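# Summary of structural features
Read off the chains here:
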Amino acid sequence: LKFEVKDMPKLDGHKKIDIYKIVQYYLYKDEFSAIRKREVLDINNNIHEYIYTVKTKGNIPNNKSVYEIETVVSREKYESIQKNKNIVEKYRIKIPIDENLIAELDIYDGNLEGLITVEVEFENEMQLDKFIKPVWFGSKLDKIIFSNANLSDISREKFVNLVGKDNINKNILLAKKIRERLNINW
């Protein structure tokens, strides 16, 4: 599930919060699947990883589950796979929350600057049904409109119309507070 972020996330009391810079290109997408390549920089450890991913929900229109096949590839292989204009740039902050779940806080950059989302992935439907969102989570976002695959080819103008200038400005200020709180400079 993907949500807006309405307030400062709870960042205290964690031994370590993982922070990543992610740049991903969508190579193919349709209503049932997406293929992307992703470069992930682990900011805490300064380690790069290159990942090729196929995501699919099968040929089932209302399927809630998405299946993901990821393969780590070499930098050379990553660079040999064609880039295109369908790009998403973001910073991901992994925050432990209740029930051994991880909140993946995404602060978008580039064309999508001013978007902050938080997503939680569940192991099964029972875990999803028991989930109570933390107070800093906002409204649930439409999983199709706010999918990274869809956002990858949206123009800045369409993005501003979708999210709203006031929300963008609020999120830019919140992103600044989060960076200051975690003492990160990006």
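Here the structure is a predicted model, which means the values were calculated and not measured.

All right, on to the overall build of the chain then. When helices and strands are tallied, the chain shows five helices and nine strands. Along the chain, helices and strands appear, N-terminal first, in the series β-β-β-β-β-α-β-β-β-α-β-α-α-α. Computed over C-alpha atoms, the radius of gyration of the chain comes to 16 Å, within 12% of the 16 Å expected from 2.2 N^0.38 for 186 residues, which places it in the range of a compact globule. Evaluated residue by residue, the chain yields a buried proportion of 39% over its 186 residues. Once local pairs closer than 6 in sequence are excluded, the contacts in the chain between residues at least 24 apart make up 57%.

Right, let's get into unusual backbone geometry. The backbone phi angle of asparagine 46 is positive, close to 55 degrees, even though this residue is not glycine. Accessibility expressed as a relative area gives 60% for asparagine 46, which makes it exposed.

A separate point is the pairing of strand β6 (residues 87-97). Bridge count between strand β2 (residues 18-29) and β6: eight bridges; the pairing is antiparallel. Within β6, the position partnered with valine 23 by the bridge is glutamate 89. Strand direction decides the pairing type here: β6 and strand β7 (residues 101-108), joined by eight bridges, are antiparallel. In the strand pairing of β7, isoleucine 93 is matched with leucine 105. What sits between β6 and β7 in their antiparallel hairpin is a turn of three residues, with glutamate 99 showing a positive phi close to 60 degrees.

Rules used in this analysis
Residues numbered from 1 in each chain as written. Predicted model: local features only at pLDDT ≥ 70, side-chain atom pairs only at ≥ 80, totals over all residues. Heavy atoms only, no water. Helix = DSSP H or I, 4+ residues; strand = E, 2+ residues; numbered from the N terminus. Rg over C-alpha atoms; globule rule 2.2 N^0.38 Å. Buried < 20%, exposed > 50% of the residue type's maximum accessible area, 1.4 Å probe, protein only. Contact = heavy atoms within 4.5 Å. Pairing = 2+ DSSP bridges.

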